[in-house]
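These are the residues of each chain, in order.
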Amino acid sequence: MTTFRNYKVPYELSPAYSKSVAYFSMEFAIHQPLKIYSGGLGFLSGSHLRSAYELKQNLIGIGILWKYGYYDQGRNQDQTLKPEWYEKTYSFLEDTGIKFTVPVHDQPVWVKAWYLPPTTFNSAPLFLLSTDLPENDYLSQTITHRLYDADTAAKIAQMMILGLGGARLIDELNFNPDVYHLNEAHAVSSVFYLMKKFGSKAEVQKRLVFTTHTPEEAGNEKHDFYLCDKMSYFFGHSIAEVRLLTGINGDQFNHSLAALRFARKANGVSKLHGEVSRKMWGHYPNIPEIQSITNAQNWNYWADKQLFRFMEEADNIAFDDRKRFLKKRAFEIVADQTGKLLDPDILTIVWARRFAAYKRPEMITRDLRRFDALMRNADRPVQIIWAGKPYPMDYGAISVFNQLVHLSKNYKNVAVCVDYELTLSKRLKQASDIWLNNPRVPREASGTSGMTASMNGAINFSTYDGWICEFARHGENCFIIPQVDYHNLSIQDQDQEDLDHMFDILENQIIPMYYDNKRKWRDMVQAGMHDVRFEFESNRMAKEYYELMYSE
């Protein structure tokens, strides 16, 4: 039985990683059954916890137990997207017996802590907070119902439970971390709790580090100062005190800026994102220099081990056979969902990740004449699969998803899947020959889906953004859509140039190589697999956080 009143990480620690860390994140994608994540941020924190466990680091995760998860992606009668919310229950979480209150709107809200033991899914210990308790009124219970609630006040309350509640939980556990690590600024309310605990900003700063994931100023979360104050977000500090502590004037409380002002160290999540962040925040005084630690994904969890074994043994026949099997198996899921029976011997392009406008999910369809010719070419056939969850209130992204659903009805070789979560994500990476990633440069802070695609024998076909800039060798380990002069182009012109380049590379390089030069194709697949194996593996990332961020 775990003892939670003087909590220690329940495995022998590596001496190199003995410094204790509490890692706060709004979402964690640890394993398919635990549905408390929406997308990339969760996939990243999940891999981080897996690597912390593999490296035996002294790190615990602090998150929220979302009763209804993010949402379940169902379909309407015409196959268009239908967001649904179902209650989730988990037999594998332990009740810590810890309950305490956090003030929200000056009223005490009861918070309970649940625990995911490390041995359940091979991850660092994870504590999850819930307000779904009979002691609370219904409104308070709903705070931890839906990840990223669309209601502004509810969202602020969620951030308070993660920040204030997480910091309080650490005291209840008597864990006393050397480092409080905020993964994104959702938990920055913790600094106001820590101010009361440690007595000064300097003492809080000694212990706080911050990871930013946002490549543009407008993407940083801001809320009305007076609303935050009314909701007790500042934990007893007046607005005047908060302005003094954070240096933020005006009516909007900027969560990321507050985190930067309280952090002794900060980082972006790729080399390019580090540069973009330093430029973006450069004119703000009193913030630490923003370093970069490139995001990564856990090889043990994501990679197809047999593909790697056959590659290492130089057994090309077995390698090709394994990839064909992986495609065929994944196509069973696609057929079950969509009624489309795809062929494992045909070049398969997959676009699968969160649906968002800047990621341009439907870009390849914008030139309908060329797209139609591509999909109806019987000599060198191509098949395409789309999948991904739009934010349930992002009607523009939902409209794009539905547009692709309707388009797919015209073709036997186009499929749009739902329920894009960890399991489908891995299967679609195994299904793909080409992993298509075409965000509008420079909007992607990192992106990590291409790393795990390479771990499963796919070739990345991407715009030059995020982590790809550190990986790409065009024509050797991936295909790159050349970078346009985006500083001086309108969005429409940038999109058109990217689209033209995309079709040129597809028609003149990718399709001919797949059908005419299997050996060169296999060499490229294997070069990508080799290049992600260590450099873009989350053990490297978890090690760098200790060396660069947690060290004095």
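Below you will find a few notes about this structure. (Residues numbered from 1 in each chain as written. Predicted model: local features only at pLDDT ≥ 70, side-chain atom pairs only at ≥ 80, totals over all residues. Heavy atoms only, no water.)

Looking now at the overall build of the chain. Counting its secondary structure elements, the chain contains 21 helices and 19 strands. The C-alpha atoms of the chain give a radius of gyration of 24 Å, which matches the 24 Å a tight globule of 552 residues would have. Summarising its shape, the C-alpha atoms of the chain cover approximately 70 × 50 × 45 Å along the three principal directions. Sorting the 552 residues of the chain into buried and exposed places 62% on the buried side. By sequence separation, contacts in the chain at least 24 residues apart represent 73% of the contacts at least 6 residues apart. Total accessible area on the chain is roughly 20800 Å²; 50% of this is exposed by carbon and sulfur atoms. (Helix = DSSP H or I, 4+ residues; strand = E, 2+ residues; numbered from the N terminus. Rg over C-alpha atoms; globule rule 2.2 N^0.38 Å. Buried < 20%, exposed > 50% of the residue type's maximum accessible area, 1.4 Å probe, protein only. Contact = heavy atoms within 4.5 Å. Areas by Shrake-Rupley, 256 points an atom, 1.4 Å probe, with all protein chains shown as cover.)

In space, the nine strands of this open sheet follow the order S5-S6-S7-S2-S1-S8-S9-S12-S13, with mixed pairing throughout. Each edge of the open sheet is held by one strand with a lone partner, namely strand S5 (94-104) and strand S13 (290-292). Each adjacent strand pair in this sheet contributes to an overall mean axis angle of 25°, direction not counted. As judged from the four bridges shared by strand S1 (residues 21-24) and strand S2 (residues 59-64), these two strands associate in the parallel manner. Along S2, the bridge assignment pairs Ala 22 with Ile 60. Helix H9 (residues 255-262) contacts strand S8 (179-183), strand S9 (208-211), strand S12 (265-268) and S13 of the sheet and is inclined by roughly 140° relative to S9. (Pairing = 2+ DSSP bridges. Axes fitted to C-alpha atoms, helices over the stretch in contact; angles between N-to-C directions.)

A few words on helix H12 (residues 305-312). For H12, the full list of buried residues reads Leu 307, Phe 308, Phe 310 and Met 311. Down the axis, H12 shows its buried residues gathered within 165° of arc, on one side only. Of the surrounding elements, those touching the buried residues of H12 are helix H11 (299-302), helix H13 (316-338) and helix H20 (518-533). (Arc of directions from axis to C-beta.)

As a further point, take the pairing of strand S17 (residues 434-437). Residues Ile 434 and Leu 436 point to one face of S17 and Trp 435 and Asn 437 to the other, with burial holding for every one of them. Pairing of S17 with strand S18 (residues 459-463), which is carried by four bridges, proceeds in the parallel orientation. Opposite Leu 436, over in S18, you have Phe 461 as the bridge partner. In this region the chain leaves S17, passes through helix H17 (residues 449-454) and returns to the parallel neighbour S18; the handedness of that crossover is right-handed. (Right-handed = clockwise from strand over helix to strand, strands pointing away.)

Okay, the pattern of salt bridges next. On inspection of all chains with the given rule, the structure shows 35 salt bridges. Notably, a salt bridge pairs Lys 67 with Glu 87, separated by 4.0 Å at the nearest N-O pair. Taken together, the residues Lys 67 in the loop between S2 and strand S3 (72-75) and Glu 87 in the loop between strand S4 (81-84) and S5 connect sequence positions 20 residues apart. Residues Asp 495 and Arg 366 are paired through a salt bridge, measuring 2.9 Å at the closest nitrogen-oxygen approach. Within this pair, whereas Asp 495 is found in helix H19 (residues 491-516), its partner Arg 366 is found in the loop between strand S14 (347-352) and helix H14 (368-375), the two being separated by 129 residues in sequence. Looking at Asp 495, the relative accessible area reads 8%, which means it is buried. By sharing partners, the salt bridges in this structure join Arg 360, Glu 362, Arg 366, Arg 440, Asp 495 and Asp 498 into a single network. (Salt bridge = Lys/Arg side-chain N within 4 Å of Asp/Glu carboxyl O.)

To continue, consider the sheet that holds S17. As summarised here, the arrangement of the six strands in space is S16-S15-S14-S17-S18-S19, forming an open sheet in which the pairing is parallel. What marks the edges here is a single partner per strand, and that holds for strand S16 (414-417) and strand S19 (478-481). Each adjacent strand pair in this sheet contributes to an overall mean axis angle of 20°, direction not counted. The strands touched by helix H16 (residues 422-431) are S14, strand S15 (382-387), S16 and S17; relative to S15, the strand with the most contacts, the crossing angle is about 165°. Together, S14, S15, S17, S18 and S19 form the strand contacts of H19, whose direction differs from that of S19 by roughly 160°.

Taking 1.5 Å of rise per residue, 16 residues should cover 22 Å, and H20 covers 23 Å from first to last C-alpha, within 8% of that figure. Residues of H20 that are buried: Trp 521, Arg 522, Met 524, Val 525, Gln 526, Ala 527, Gly 528, Met 529, Asp 531, Val 532 and Arg 533. (Expected span 1.5 Å × (residues − 1).)

With respect to the helices, strands and loops of the structure, Thr 294 is situated in the loop between S13 and H11. Within the local environment of Thr 294, its side chain forms a polar contact with the side chain of Glu 470, the two groups lying 2.7 Å apart. Contacts of Thr 294, omitting those with residues within four sequence positions, involve Val 269, Ser 270, Lys 271, Trp 467, Glu 470, Phe 536, Arg 540 and Met 541. (Polar contact = N/O pair within 3.5 Å; in protein donor to acceptor, adjacent residues only side chain to side chain.)

On to the packing of helix H1 (residues 40-54) against helix H21 (residues 538-550). It is the contact of H1 with H21, at a shortest axis distance of 8 Å, that shows an interaxial angle of 85°. In terms of orientation, H1 lies roughly perpendicular with respect to H21. In this structure, H1 uses Leu 44, Ser 47, His 48, Ser 51 and Glu 54 to contact H21, whose residues at the interface are Ser 538, Asn 539, Met 541, Ala 542, Tyr 545 and Tyr 550. (Parallel < 35°, antiparallel > 145°, perpendicular 65-115°, else oblique.)

Mapping Lys 271 onto the fold places it in helix H10 (residues 271-281). For the pair Lys 271 and Glu 470, spaced 199 residues apart in sequence, the C-alpha separation works out to 7.5 Å. Setting aside anything within four residues of it in sequence, one finds Lys 271 in contact with Ser 292, Thr 294 and Glu 470.

Remember that the coordinates give geometry; whether it matters functionally is a separate question.
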